[in-house]
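Spelled out from the first residue to the last, the chains are:
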Amino acid sequence: MRLISDELPSASFENFIRDCGGWAIIDGGLGTELEKRGADLNDPLWSAKCLVESPELVTSVHLDYLEAGANIIISASYQATLQGFEEQGISEGESLLRKSVKLACDARDLYYDKMASSGSLKLQPVLVAASIGSYGAYLADGSEYRGDYGDGIGLNDLKEFHRRRVQILAASGADLIAFETIPNKLEAEAYAELLNEVEMKDVSAWFSFTSGDGVNVVSGDSIEECALVADSCDRVVGIGINCSSPRFVDGLIRSIKTVTKKPILVYPNSGETYNAQTKQWMESTGDDLDFVSSVEKWREAGATLIGGCCRTTPSTIRAISKLLSSRST
C-alpha cells in the first residue's frame, strides 16, 4: 500500500490508520533483537552492518514484529549512509539501501503467506517505512542525542549529505520514509526542503523528533517549532517522537497537537539512557512510568500510532497490540 494516490498523501495515511482500527502499531527496537541473535553491532554502521553480514537476521526480526502485531515495520537503514559505507570500504552502498527495504518487504510477504496458510480470513494492513537517521547518527558519536553539529554544518550541507539516500529510498518500494530521531530544527528544515524537490513529489514521510527534557528537542529547539516545520510540508503525513524517555511522551504529544492536525506517532525507548562514550545502555534513575501501562494515556493525549524504539522488543509490541485491541470499537 504505497501512499501514492489521487488523494492527498495525508488522506491516504489517515485511511491506513482507519483500516487498522483507528490506531496503528509501529514495531520496536531493531538493534536489541539483532544482538540477541548474535550480531555484533559495535560498529559505526550499527544495524546496517547486518545488511552486509547477516541479512537473514534482519528479516527474522521484522517477521517477529509482524507476528507480534505491528502494522508498520521500519527498515534497517537508520545508520546506513553512502558516506558511512564508503568509509568502511563498502562500495555497494546504494544496493544495500535498497536491500534494507527489500528485506522488510520480504518479511511482510512471508507474514502474509504464513497467515494465509493458517486460514486467517483477515490480514492486518502493513506498511514498510524506510528509515533515515540524522547526520549525527552517521557521525556515530552520540550527536543525534545532542543535535549540535557545530558552526561548519549548515542547511545546504545537510541537504547534500542526505539527498542521494533519500532519492534511493524514495524509489526503493517502501511505502513511506521515516525520518527518525531528528535532533534539531535545522535538520527538519533540510528534510522538508528535500521532500519539496521535484523528484521527491510522490514521496510520503513522517518526521519523528527526539527530546531529552519533554519540552524541547535535544538541541534546545522547541518541539512546537520543529513540529511546525513538519506540518508545513505537504509530503509529511505524520509527526511525532521517538528515541526519548516514556515519561516525556504525554507532554510532547500535547505540545505537538497544538500546532498540527496530522496524525501523531510515538515510539519511545524503554526508559534506559544511552551513554555515547561507553556505547552502553544504563538504567534510568528517573521516575519512568511502566512503558505499556502508559500507552492508553498516550492514545488519550492524541497519538494514533504507537510503538517502541531502543531496547523495546516483540514482547513490548505484543503487549501494546493486546491493550489497543481490547480498546477497539
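That block above? That's the structure.
Quantities reported herein were computed from a predicted structural model and do not represent experimental measurements.

**A word on the pairing of strand E4 (residues 176–182)**
Buried residues dominate E4, accounting for 7 of its 7 residues. Judged from the 4 bridges that link them, strand E3 (residues 127–132) and E4 form a sheet pairing that is parallel. Residue pairing across strands places Ala130 opposite Ile177, the latter belonging to E4. Sheet topology note: the E4/strand E5 (residues 205–209) ladder contains 4 bridges and is parallel. Counted as the bridge partner of Phe179 is Phe207 from E5.

**Here's the deal with the packing of aromatic side chains**
Per the stated rule, a full pass over the model turns up 12 aromatic pairs. When the centroid spacing of 5.9 Å and the interplanar angle of 70° are considered together, the rings of Tyr191 and Phe207 count as edge-to-face. Residue Tyr191 is located in helix H9 (residues 185–195), and its partner Phe207 is located in strand E5; the two are separated by 16 residues in the primary sequence. Exposure class is identical for Tyr191 and Phe207. Each is buried. An angle of 90° between the planes, with centres 5.4 Å apart, marks the rings of Phe291 and Trp298 as edge-to-face. Phe291 gets classed as buried once you look at its relative accessible area, which sits at 8%. Overall, Trp298 belongs to the buried group, its relative accessible area being 1%. An aromatic cluster is defined as three or more aromatic residues linked by ring pairs; in this entry it consists of Tyr135, Tyr138, Tyr149 and Phe161.

**Some details on the environment of Ala170**
Looking at where Ala170 falls in the secondary structure, it is placed in helix H8 (residues 155–170). When its relative accessible area of 11% is taken as the criterion, Ala170 is described as buried. The spatial distance from the C-alpha of Ala170 to the C-alpha of Asp231 is 20 Å, given a sequence separation of 61 residues.

**Quick look at the side chain of Ser321**
Inspection of the secondary structure puts Ser321 in helix H13 (residues 314–327). What makes Ser321 buried here is its relative accessible area of 15%. Setting aside residues no more than four positions away along its own chain, Ser321 makes contact with Ile25, Ala68 and Gly69.

About the criteria used
- Residues numbered from 1 in each chain as written.
- Predicted model: local features only at pLDDT ≥ 70, side-chain atom pairs only at ≥ 80, totals over all residues.
- Heavy atoms only, no water.
- Buried < 20%, exposed > 50% of the residue type's maximum accessible area, 1.4 Å probe, protein only.
- Helix = DSSP H or I, 4+ residues; strand = E, 2+ residues; numbered from the N terminus.
- Pairing = 2+ DSSP bridges.
- Phe/Tyr/Trp six-rings, centres within 6.5 Å; stacked < 30°, edge-to-face > 60°.
- Contact = heavy atoms within 4.5 Å.

Any link to function would need more than the numbers given here.
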